[in-house]
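Structure at a glance
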Amino acid sequence: MTSLATELVRSGAPAAPRLLALRLAARELRGGLRGFGTFVACIALGVMAVAGVGSFSRSLSDGLAREGRAILGGDVAFSLVHREIGPEERAFLEARGLVAVSATMRAMARAKSGAALVELKAVDGAYPLYGTLRLEPAGPPAAVLAEKEGAFGAAAESALLARLGLRVGDRIEVGRMSLEIRAAVDGEPDKLASGLGFGPRLLVSLEALRASGLLQPGSLVRWHYKLQLASGAASDRAVQAVAAEARAAFPHAGWEVRTRANASPRLERDIERFMQFLTLVGLTALLVGGVGVANAVRSHLDRKREAIATLKALGASGATVVRVYLVQALALAVFGTGIGLAAGAALPFLVAKAADAVIPLPIAPSLYPLELAIAAGYGILTALAFALWPLGRAHDIPVAALFRDAVAPEPRWPRRRYILAAALAVATLAALAILFAFDRRIAAVFVVGAAAVLAGLQVIALAIMRAAARSPRARSTIVRLAVANIHRPGALTPAVVLSLGLGLALLVTVALIDGNLRRQFAATLPARAPAFYFLDLQQDEAKRFETFIAARAPQATLERVPMLRGRIVAVKGVPAERLRPSSDAAWVLQSDRGLTYADRLPEGSRVVSGEWWPAGYDGPPLVSLERRIAAGLGVAVGDSVTVNVLGRDMTAQIANLRAVDWQSLGINFVLVFSPNAFRGAPHTTIATLTYPDGGDETRELSLIKALAESFPAVTVVRVREALEAVGKLVENLLVAVRSASLLSVLAAILVLGGALGASHRHRVYEAVILKTLGATRGQLLAAYGLEYLLLGLVTAIFGMLMGSLAAWYVVAEIMNLRFVWLPGAALAAASAAVALTVVFGLSGTLTALSQKAAPVLRHR
């Protein structure tokens, strides 16, 4: 008699069915968690993903809020391109607090050993208002950067010292000034607000910058004015009030105003995108874990079939049976949830330590009870939602059917109350997933998509079984056995298709995201890509520059176009701050953009709507707009766009829309104006240099050094080095994507292994019978292998489709990047999933084939 039956007999009558169910469940759980490893692991992984995402998001948000002043460099920051603020604007700021002024631009640093692109930052004596500038050797910034013995001081990042072979005490030249390296920059408090840099930081004083000769009309220099409010008037409300007053008092100033609440919009956008991805990872881990829970409960009930039959034979009601195993399921869910909560709570602390070596994110790790409670609720609800259906089926199955289920399971639905309870749990889980998600729109799409995928996989499983049942009878015994296994009563097909379909979709999703990021951002140059970009080339030096390049690179092609900086302030007469652009076009309104004017259509562009203006056009200003940005802003040919350039507003009519090939890396702009639009406006020239035979390291470095000596004010950006800088960021993003996705993939592998393991008991019995009837081990292995292979190949088609759609959504809709379907990556992921199915299935089959017949038949 089983332990459950013994306990039932000892209890006498069903005096307290709920208490009895608790006692019976507790008695069985004393035997340990054998067979529930997948159940616990799936719940733990899902809860860990949700708790980790929630805790990490909160810790990062708290860190950004706490360090907002230091990241921004003040309570409020005002930024201008090209020009410094006027006396009235300066008086406005100084009347409200302490002002620190800085300027940033790219420049060339020259030393005896060569030249290098640097991110030049010039500061005044008030810098930094918040945070600490860490220098080695330590010293006051003003003293380190001051002019002494005919040379201004400078502090350089270690990367610049290593690149040019410099040490503290050596001298370099930037523009027309000589600088003495007096310290190495070990930590810059407001670096996160600066965005992506293509070169190492070089810190100088404002006096040094003015003496350098780099400040020419049209030079691409950004001026920053950081405002520190008085301690008694630095509340969040006061900060927002100052920003609003500045916008109202100087509506045409053209400055970008940021407060400590949005210290680094670009960083916050990147973090938001990654959090959206993590939301999908957490929800996916929960979904896959739920399938694992269902498989585990179904397998457990199958192993306990004799115990359930005995309980019912001794008078236990169906409700008592359901309570016993529901209590067990909830107890195990609580156990798995506890493990997941502990791991998820620790995640921000681990990420804070690991991320500091890559990018100094202001993470403030702590324990967040609300996020952990939400994750715990997810775990329990997931267990309930996926366990109630198989548990409910056991309520009404009679004793005879329980024994008969071994060879002829009945297609029986649970009672209505169990169906309603499961539906309620699923609905609650979906509602919570949307309500508490970082991005509710993405969560809602995920919930709908998950329901469609699960329903689709069920349909696929039924279609496979029906097709196998109706297939012609094969001559080969191995093929007949494999096909029969696919559609026979109690077949593995539904469990394997569901588990493999989800797992394969995950693998394909991760592979395609990884491949797209690598394809679009890896440092592999397209054919005919420029070797160099030249910035801040003055108009009066353009001819001499062309002669210089022609003499040193006669085989290369030099292309140059005029460039200004401007900010879109209105579209169709509507102010920019009141516009509601699409997510992939919002960036064009957020700061100054590069502008140009041209008589002819730029290379790499083609007109898709409207017409290009005729040569020599001299009418009202016209503009050509990139088509995707136009769609995101909701404008068409004939509408108006107003830009602020050098403090003046200029309105132009959209003459045409262009499709632009950005990946060619040639010179192109979102906004291209007719030549008469900026007649007489001071501007610089941007140029590219393209070699017909590709790049050459020695030749390029030699040209950089010669250019730096002959044109000290011209900034040289080597395309390969710029792409390598982007590549490092992308590689870090790929590591983060893979690490986050690993949780869901691991859950998928666990679920697949659990689904195949659930059939082990049936496989042993089946193998013994077939061996007794004369089947050889080789025949059985071949038949089972063919069965798993057929299931894997058919499911692979659906999994690849679903994974490709998911990858497209993440890349195109969340990351706002161009998605390209990569058949190699998708097929590799599909092959890996099918191989896993066959390997997992045959590994269990080998164990089944090694069983002796007598003990198995005796205990059946």
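These numbers were taken from a predicted model, which means no experiment stands behind them.

This paragraph deals with the overall build of the protein chain. If you tally the helices and strands in the protein chain, you get 26 helices and 22 strands. Counting only contacts in the protein chain whose residues sit at least 6 apart along the sequence, the fraction spanning at least 24 positions is 82%. Total accessible area computed for the protein chain in this model is approximately 37600 Å², and 60% of it derives from carbon and sulfur atoms.

Right, let's get into the nonpolar core. Membership of the largest hydrophobic core comes to 88 residues, with the highest contact counts inside it found for Phe39 and Tyr325. The biggest single contributor to this core is helix α24 (residues 777–814), with 13 residues. Counting residues in hydrophobic clusters, the runner-up holds 49 residues, among them Ala109, Ala122, Phe152 and Val257.

Looking now at helix α16 (residues 440–470). Between the first and last C-alpha of α16 there are 45 Å, a value that for 31 residues agrees with the 45 Å anticipated at 1.5 Å per step. Among the residues of α16, those classed as buried are Ile442, Ala443, Phe446, Ala450, Val453, Gly456, Leu457, Ala461, Ile464, Met465 and Ala468.

In this section: the environment of Gly566. Turning to its location among the elements, Gly566 is positioned in strand β13 (residues 557–571). Each C-alpha atom of the pair Gly566 and Asn644 lies 5.3 Å from the other, and the pair is 78 residues apart in sequence. For Gly566, the contacting residues outside a window of four places in its chain are Ser591, Asp592, Arg593, Leu595, Asn644 and Val645.

Moving on to the confidence of the model for the protein chain. Confidence in the prediction of the protein chain, expressed as mean pLDDT, is 79, and 79% of residues score 70 or more. Taken together, the stretch residues 11–15 has pLDDT below 50 and engages in two contacts with residues farther than four places along the chain or on a different chain.

Turning our eyes to something else, we now look at the packing of α16 against helix α17 (residues 477–487). Running from N to C, α16 and α17 cross one another at 140 degrees; their axes reach a closest spacing of 8 Å. The angle between α16 and α17 falls in the class oblique. Here α16 runs over α17; the crossing is left-handed. From α16, Ile464, Met465, Ala468 and Ala469 reach across to α17, where they touch Val483, Ile486 and His487. Of the residues assigned to the contact of α16 with α17, the class counts are six nonpolar, one polar and no charged.

Let us now look at the side chain of Thr795. For Thr795, the location among the structural elements is in helix α24. There is a polar contact of 2.7 Å between the side chain of Thr795 and the backbone oxygen of Leu791. Once you skip the residues sitting within four places of it in the chain, Thr795 turns out to touch Ile464, Val497, Leu500, Gly501 and Leu504.

The subject of this paragraph is the pairing of strand β9 (residues 201–205). Buried residues dominate β9, accounting for five of its five residues. Side chains of β9 alternate between two faces, with Arg201, Leu203 and Ser205 and Leu202 and Val204 buried alike. In this structure, strand β3 (residues 114–123) lies alongside β9, joined through five bridges in parallel fashion. Counted as the bridge partner of Glu119 is Arg201 from β9.

This brings us to the pairing of strand β19 (residues 648–660). Bridge count for strand β16 (residues 605–610) against β19 is five bridges, and the pairing is antiparallel. When the sheet's bridge partners are listed, Gly610 is paired in β19 with Asn656. Taken together, the five bridges between strand β17 (residues 622–626) and β19 define a ladder with parallel strand orientation. Within the sheet, the bridge partner assigned to Glu626 lies in β19 and is Arg658.

Next up on the list: the packing of aromatic side chains. One pass over the full model with this rule turns up ten aromatic pairs. Measuring from ring centre to ring centre gives 4.9 Å for Phe78 and Trp255, while their planes differ by 50 degrees; the resulting arrangement is tilted. Highlighted residues: Phe78 in strand β1 (residues 76–81) and Trp255 in the loop between α9 (236–249) and β11 (256–259), separated in sequence by 177 residues. We classify Phe78 as buried; its relative accessible area is 0%.

Quick look at the pattern of salt bridges now. One side chain can pair with another of opposite charge once the charged atoms of both are near each other. Under the criterion given, the structure shown has 17 salt bridges. Ionic pairing is found between Asp190 and Lys226, a salt bridge with its closest N-O pair at 3.5 Å. Taken as a pair, Asp190 in the loop between β8 (177–187) and β9 and Lys226 in strand β10 (residues 222–229) lie far apart in primary sequence, 36 residues in all. On the basis of relative accessible area, Asp190 is assigned to the buried category, the value being 4%. With a closest N to O distance of 3.4 Å, Glu541 and Arg544 form a salt bridge. Overall, the relative accessible area of 42% leaves Arg544 in the partly exposed class. Here the salt bridges share partners, and the residues they tie into one network are Lys121, Glu188, Asp190, Arg201 and Lys226.

Taken together, the buried positions of helix α5 (residues 87–94) are occupied by Glu89, Phe92 and Leu93. Around the axis of α5, the buried residues are gathered within 95 degrees of arc, so they sit on the same side. For α5, exposure combined with an orientation more than 90 degrees from the buried face picks out Pro87 and Glu88. On its buried face, α5 is in contact with β1, β2 (97–111), β10 and α9.

Viewed as axis vectors pointing N to C, helix α19 (residues 542–552) and helix α21 (residues 697–710) meet at an angle of 150 degrees, and their least axial separation amounts to 12 Å. By the criterion of interaxial angle, the relationship of α19 to α21 is roughly antiparallel. Between α19 and α21 the crossing geometry is right-handed. Listed contacts from α21 to Arg544, Phe545, Phe548, Ile549 and Arg552 of α19 are Leu703, Ala706, Leu707 and Ser710. Counted by class, the contact of α19 with α21 contains six nonpolar, one polar and two charged residues.

Bringing a positive patch on the surface into the picture now. Among the surface-exposed residues, Arg519, Arg606, Arg627, Arg628 and Arg818 lie close enough to one another that they form a single positively charged patch. Topologically, Arg519 is positioned in helix α18 (residues 493–521).

What follows covers the side chain of Ser212. Within the secondary structure, Ser212 sits in the loop between α8 (206–211) and β10. Taking the relative accessible area as the measure of exposure, Ser212 reaches 1% and is therefore buried. One polar contact links the side chain of Ser212 to the main-chain carbonyl oxygen of Leu209, over a distance of 2.6 Å. Once residues lying within four places of it in the same chain are set aside, the contact partners of Ser212 are Val174, Gly175, Arg176 and Met177.

So, on to the environment of Ala421. Looking at where Ala421 falls in the secondary structure, it is placed in helix α15 (residues 416–435). Through-space distance from the C-alpha of Ala421 to that of Leu384 is 8.7 Å; in sequence the pair is 37 residues apart.

Definitions and limits used
Residues numbered from 1 in each chain as written. Predicted model: local features only at pLDDT ≥ 70, side-chain atom pairs only at ≥ 80, totals over all residues. Heavy atoms only, no water. Helix = DSSP H or I, 4+ residues; strand = E, 2+ residues; numbered from the N terminus. Contact = heavy atoms within 4.5 Å. Areas by Shrake-Rupley, 256 points an atom, 1.4 Å probe, with all protein chains shown as cover. Core = buried A, V, L, I, M, F, W, Y, C linked by side-chain atoms within 4.5 Å. Buried < 20%, exposed > 50% of the residue type's maximum accessible area, 1.4 Å probe, protein only. Expected span 1.5 Å × (residues − 1). pLDDT = per-residue confidence, 0-100. Axes fitted to C-alpha atoms, helices over the stretch in contact; angles between N-to-C directions. Parallel < 35°, antiparallel > 145°, perpendicular 65-115°, else oblique. Left-handed = near helix turned anticlockwise from the far one by under 90°. Nonpolar A, V, L, I, M, F, W, Y, C, P; charged D, E, K, R; others polar. Polar contact = N/O pair within 3.5 Å; in protein donor to acceptor, adjacent residues only side chain to side chain. Pairing = 2+ DSSP bridges. Phe/Tyr/Trp six-rings, centres within 6.5 Å; stacked < 30°, edge-to-face > 60°. Salt bridge = Lys/Arg side-chain N within 4 Å of Asp/Glu carboxyl O. Arc of directions from axis to C-beta. Patch = residues over 30% accessible without salt bridge, like charges linked within 9 Å, V, L, I, M, F, W, Y side chains within 5 Å. Lys, Arg positive; Asp, Glu negative; His and termini not counted. Charge placed at Lys NZ, Arg CZ, Asp CG, Glu CD.

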